[in-house]
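Observations on the model geometry
Chain by chain, the residues:
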Amino acid sequence: MFLRSNIIRLFSICIIISFVITFLIGVLPVSLDSCNCENFIESSTSTKNIEKKKYFIDVNKPKLAILVPFRDRFDELLQFAPYINKFLLKQNVPHDIFILNQIDRYRFNRASLINTGFLFTKENYDYIAMHDVDLLPLNDNLHYDYPETGPLHIASPDFHPKYHYPTFVGGILLVKREHFQLVNGMSNKYWGWGLEDDEFYVRIKNAGLQIQRPKNITTGVNNTFSHIHDRKHRKRDTTKCYNQREETRKRDYDTGLNTLKYNITKINQLIIDDTNITVLNIQLFCDRKLTPWCDCEDKYETVVAANANSKKTNNNPSNKKRLK
């Protein structure tokens, strides 16, 4: 009887101990490894949430179209696209990047490419950035804000690494949709490098618009922007032929958005280091009666032929007698 009582008591104790162990297993982690793994997952999730919050984009803000005139600058593009995307994400600026790739045989026409990009994006974007592919902003206080009162010239002559004259508006210029339409866009007469932004400055002024520039910038010409253009590797087309030099120094009252002739042959979506970009293959058309300098090769061939004929004439014995 005593033995049976002890066995029952021992069995009861075993049941209680088993219950306690089962309870502890259910409450406490089985091992330190499983606990650390769960914490790691929570930490990773939190990090992702922080990143999303850091780059939160307010869809109610005005939307920016980055218009990048482009031809054969792939090296610069690989650096530009992810850089400017991250720069604008940090500012919470809703934006998309459009590479305006000129594919025709004519000389590069930065202004006409920007006009094309504007017409392509104007229905879905509130303002544009006329942005060189080789100019990167280094100062986080260069804000790409909506230019409500007038064009915002980010690449101010006070800070641009190369151009410092007061009427300079090249490099990076922000213009809201209504103002770009008001001035009829840019002149289409500028084939080759230079002067198209100077003519656009006159358009802005004649329209009564005030150009805004960044304020409270403590950096200078050497550390506000990175100018990644290699002059030896990427030579500028500065050739002047026909009467280009004289005509392109005049105010253009005739050409702009309403006279632009172009064809977008293809639209490509690319990703560069997690940055989405849209590439527009653009074919421009040239009115040779208006701007024969869209192709200086024709002029060069004409001059060579004329010189060759001149030499033949001078070397002809009968002509020499006649000249005497």
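Calculation criteria
- Residues numbered from 1 in each chain as written.
- Predicted model: local features only at pLDDT ≥ 70, side-chain atom pairs only at ≥ 80, totals over all residues.
- Heavy atoms only, no water.
- UniProt positions renumbered as here; feature names shortened; annotations may be inferred.
- Helix = DSSP H or I, 4+ residues; strand = E, 2+ residues; numbered from the N terminus.
- Buried < 20%, exposed > 50% of the residue type's maximum accessible area, 1.4 Å probe, protein only.
- Areas by Shrake-Rupley, 256 points an atom, 1.4 Å probe, with all protein chains shown as cover.
- Disulfide = S-S within 2.5 Å.
- Pairing = 2+ DSSP bridges.
- Expected span 1.5 Å × (residues − 1).
- Bend = angle between axes of the 7 residues up to and from the residue.
- Contact = heavy atoms within 4.5 Å.
- 1 Å grid on protein atoms, 1.4 Å probe; cavity = no way out; pocket = protein on both sides within 12 Å on 5 of 7 lines; lining within 4 Å.
- Points joined across faces, edges and corners; volume = space filled by probe spheres on them.
- Nonpolar A, V, L, I, M, F, W, Y, C, P; charged D, E, K, R; others polar.
- Salt bridge = Lys/Arg side-chain N within 4 Å of Asp/Glu carboxyl O.

As annotated in an unreviewed UniProt entry, the protein carries the name Beta-1,4-N-acetylgalactosaminyltransferase and comes from Corethrella appendiculata. What UniProt records for the protein under Function (unreviewed entry) is the sentence "Catalyzes the transfer of galactose onto proteins or lipids."

Topic: the overall build of the protein
In terms of regular secondary structure, the protein is built from nine helices and nine strands. In the protein, which comprises 324 residues, the proportion classed as buried is 41%. Carbon together with sulfur atoms contributes 55% to the accessible area of the protein, which is approximately 19,400 Å² in total.

Quick word on the state of the cysteines
Within the structure shown, the criterion is met by two disulfides. Disulfide pairing is shown between C241 and C296; the S-S distance is 2.0 Å. Between C241 and C296, the S-S dihedral sits near -80°, and the bridge is therefore left-handed. Of the two residues, C241 is situated in the loop between β7 (225-227) and α7 (244-247) and C296 in helix α8 (residues 296-315); the sequence distance between them amounts to 55 residues.

Comments concerning the pairing of strand β8 (residues 262-272)
Direction of pairing for β8 relative to strand β9 (residues 275-284): antiparallel, over a ladder of 10 bridges. The residue bridging Y262 from the neighbouring strand is L284, located in β9. Taking the residues that link successive antiparallel strands as the turn, the β8-β9 hairpin has two residues, and the phi of D273 there is positive, at about 50°.

Some thoughts on helix α3 (residues 74-90)
With 17 residues, α3 should cover 24 Å at 1.5 Å per step; its first-to-last C-alpha distance of 25 Å lies within 8% of that length. Remark: the principal bend of α3, roughly 25°, maps to F80, with a proline, P82, within the next four residues. Turning to α3, its buried residues are E76, L77, F80, A81, P82, I84, N85, F87, L88 and L89. Within two residues after α3, N92 carries a phi angle of roughly 55°, on the positive side.

Observations concerning the environment of I103
Summarising the element assignment, I103 is placed in the loop between β2 (95-102) and α4 (110-121). The exposure class of I103 is partly exposed, given its relative accessible area of 39%. For I103 and I282, which are 179 residues apart along the polypeptide, the C-alpha to C-alpha distance reads 5.8 Å. Contacts of I103, omitting those with residues within four sequence positions, involve T265, N281, I282 and Q283.

Description of the layout of surface pockets
Space inside the largest pocket adds up to approximately 980 Å³. If you trace the largest pocket, you find 38 residues lining it, with R73, F108, W193, G194 and R236 closest to the centre. Residue assignment for the lining of the largest pocket shows that the elements contributing at least two residues are β1 (64-70) and α6 (196-206). For the lining of the largest pocket, the leading source of residues is α6, giving three residues. Residue composition of the lining of the largest pocket, by class: 11 nonpolar, 10 polar and 17 charged.

Description of the pattern of salt bridges
Summed over all chains, the structure comprises 18 salt bridges. Linking E178 and R177 is a salt bridge whose minimum nitrogen-to-oxygen distance equals 3.9 Å. Counted as one network, the salt bridges with shared partners bring together K189, E199, R203, R251 and D252.

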